[in-house]
Structures are given as C-alpha cells and as structure tokens.
Amino acid sequence: MSLTSTPDIDARRVRRATITDVPSLGTIGPLAYTEAYGSWWTNADALAQHSQSFGAAAFVGLLVDPLVSVWIAELDGAPVGFLTMHRDQPNPATGRGNGVELRRIYLLKDAMGAGIGRLLAEAAIELAREEGYDHAWLDVMAEADWAVGAYQRWGFAEIGRKQFENTLRGDLREMIVMLRDI
C-alpha cells in the first residue's frame, strides 16, 4: 500500500501496548529514532548507544511503570510507531501541574503523513482527560520543523523554550515546549 495518500481508517490501528509488544517496540524504537535524527549525529557509536534508550529494555521499564502508558501504532497489521505518556509531569516552562507529558512520539518514516501520529496523541489525550488531567505537554527540538508543524496541527502551542544537553553527542539543542489544554 502506498503511503502517499491517507490509508483507509481500517488500515490504521492505535492501541495500548503490553509486554507482548516489547519485541516490536524494541525494533521500531531505535529505527524510528535513527530515521528521524540519525543524520544529526557525527559519531556512529554514540548514535548506536543513544538509540538503545529506545530499545526493548527501555520499553520493559516503561510498561511496568504505573505512571507511564505506552501506545503502539500499526498500519496494515505491522507496527509502525509508538507514543509514551508520563503522568503527573509539571511542564518546564510554567511549572503548571496536573498534566501529562507526551515524551516520545515516533513513527517509521514510511508511516509519516498517514495521520497515525495524531491518532497516537489523541488516544493518550483521551486517557489523560478520563483520568482528570487538564493538559498535555511535550518538548521538541526547534530544528525539527516537521515535528513542530505536526504538533501545531494537533492543537499544541509553544509556551516556552529550554536547552537540552545531550552528553553522548556533546552539544546543546534548543527545545520548544508545547502545551495543549484538554
């Protein structure tokens, strides 16, 4: 199926991940990160080490944490992305509490533009709303204009900026903090 057009809604599926999804998540996590940001790294060993923070062991830790929920996205039955939602996270721009952080939203490159990222975000936001949270926030590298644009289309607005130090890469990146009231 070509992803140049939006796939049928029946071809896209978003659901809460379980421990049985760890092998899939551990495969698509490092790959999706590398597809998105691999070209920004100059040291291949450092990139490989960092991408393991998206690997199977990381997802096991997330799935057993009661303050975290993980969603997995599928297209035509194949896993293509994920999102992690972290509860009780005050945003770093204002310190506002009673929110959730959408910390990692990643899709394989071939699945981008099919509306799957929005489905992941909406699933997390719906659960946050049901649990009584009043906003969702995220941060995104200012240089990742494709991601900033997507989050704006999903109803997120910039509320501040911060610096992110990546010790493996040895640099600072400007991060845009974005918020959506729910």
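From a predicted model like this one, the values you see are computed outputs, not experimental measurements.

Peer 1: So what exactly am I meant to see when it comes to helix α5 (residues 145-153) here?
Peer 2: Helical geometry note: an α-helix holds 3.6 residues per turn, so side chains three or four residues apart project in the same direction. Regarding α5, the residues found buried are Ala147, Val148, Gly149, Ala150 and Tyr151. Phi for Gly155, located one or two positions after α5, is positive at around 95 degrees.

Peer 1: Hey, could you run me through the nonpolar core in this one?
Peer 2: For soluble globular proteins, the rule of thumb is that nonpolar side chains tend to be buried together. Counting residues in each nonpolar core, the largest one holds 55 residues, and the members touching the most others are Leu83, Met85, Leu102, Val140, Tyr151 and Phe156. Looking at this core, the element that brings in the most residues is helix α4 (residues 116-130), giving seven residues. Dropping the residues within four chain positions of it, Leu102 is found in contact with Leu83, Thr84, Met85, Ala121, Ala124, Ala136, Trp137, Leu138 and Phe156.

Peer 1: Quick question: what am I supposed to make of the environment of Phe59 here?
Peer 2: Tracing the chain through its elements places Phe59 in helix α3 (residues 56-64). Beyond its immediate stretch of four places on either side in the chain, Phe59 contacts Leu25, Gly26, Gly29, Phe54, Val70 and Phe82.

Peer 1: Just to check I follow, could you spell out the packing of aromatic side chains for this structure?
Peer 2: Centre-to-centre distance and the angle between the planes together describe a pair of aromatic rings. Throughout the structure, instances matching the rule amount to twelve aromatic pairs. A centroid spacing of 4.7 Å and a plane angle of 25 degrees characterise the contact between Tyr33 and Phe54, whose relative ring orientation is stacked. Separated by 21 residues along the polypeptide, Tyr33 in helix α1 (residues 22-37) and Phe54 in the loop between α2 (44-51) and α3 bring together distant segments of the chain. Taking the ring centre of Trp71 as reference, the NZ or CZ of Arg16 above it sits at 5.3 Å. Lying across the ring of Phe54, Arg104 places its NZ or CZ 3.6 Å from the centre.

Peer 1: Sorry if this is basic, but what is going on with unusual backbone geometry here?
Peer 2: Within the chain, Asp76 stands out as a residue other than glycine whose phi angle is a positive 55 degrees. Tracing the backbone through its elements, the reader meets Asp76 in the loop between β2 (68-75) and β3 (78-86). Judged by relative accessible area, which is 49%, Asp76 ranks as partly exposed. Backbone geometry places Asp88, a non-glycine residue, at a positive phi of 55 degrees. As for its placement among the helices and strands, Asp88 is situated in the loop between β3 and β4 (99-107). When its relative accessible area of 46% is taken as the criterion, Asp88 is described as partly exposed.

Peer 1: Where do I start with the pairing of β4 in this structure?
Peer 2: If a strand is regular, its side chains alternate between the two faces of the sheet. Most of β4 sits out of view: seven of its nine residues are buried. Relative to β4, β3 is paired through six bridges, and the arrangement is antiparallel. Its bridge partner lying in β4, Phe82 is registered against Tyr106. By the bridge criterion, three bridges tie β4 to strand β5 (residues 135-141) in an arrangement that is parallel. Within β5, the residue paired with Glu101 across the bridge is Trp137.

Analysis parameters
- Residues numbered from 1 in each chain as written.
- Predicted model: local features only at pLDDT ≥ 70, side-chain atom pairs only at ≥ 80, totals over all residues.
- Heavy atoms only, no water.
- Buried < 20%, exposed > 50% of the residue type's maximum accessible area, 1.4 Å probe, protein only.
- Helix = DSSP H or I, 4+ residues; strand = E, 2+ residues; numbered from the N terminus.
- Core = buried A, V, L, I, M, F, W, Y, C linked by side-chain atoms within 4.5 Å.
- Contact = heavy atoms within 4.5 Å.
- Phe/Tyr/Trp six-rings, centres within 6.5 Å; stacked < 30°, edge-to-face > 60°.
- Lys NZ or Arg CZ within 6 Å of the ring centre and 35° of its normal.
- Pairing = 2+ DSSP bridges.

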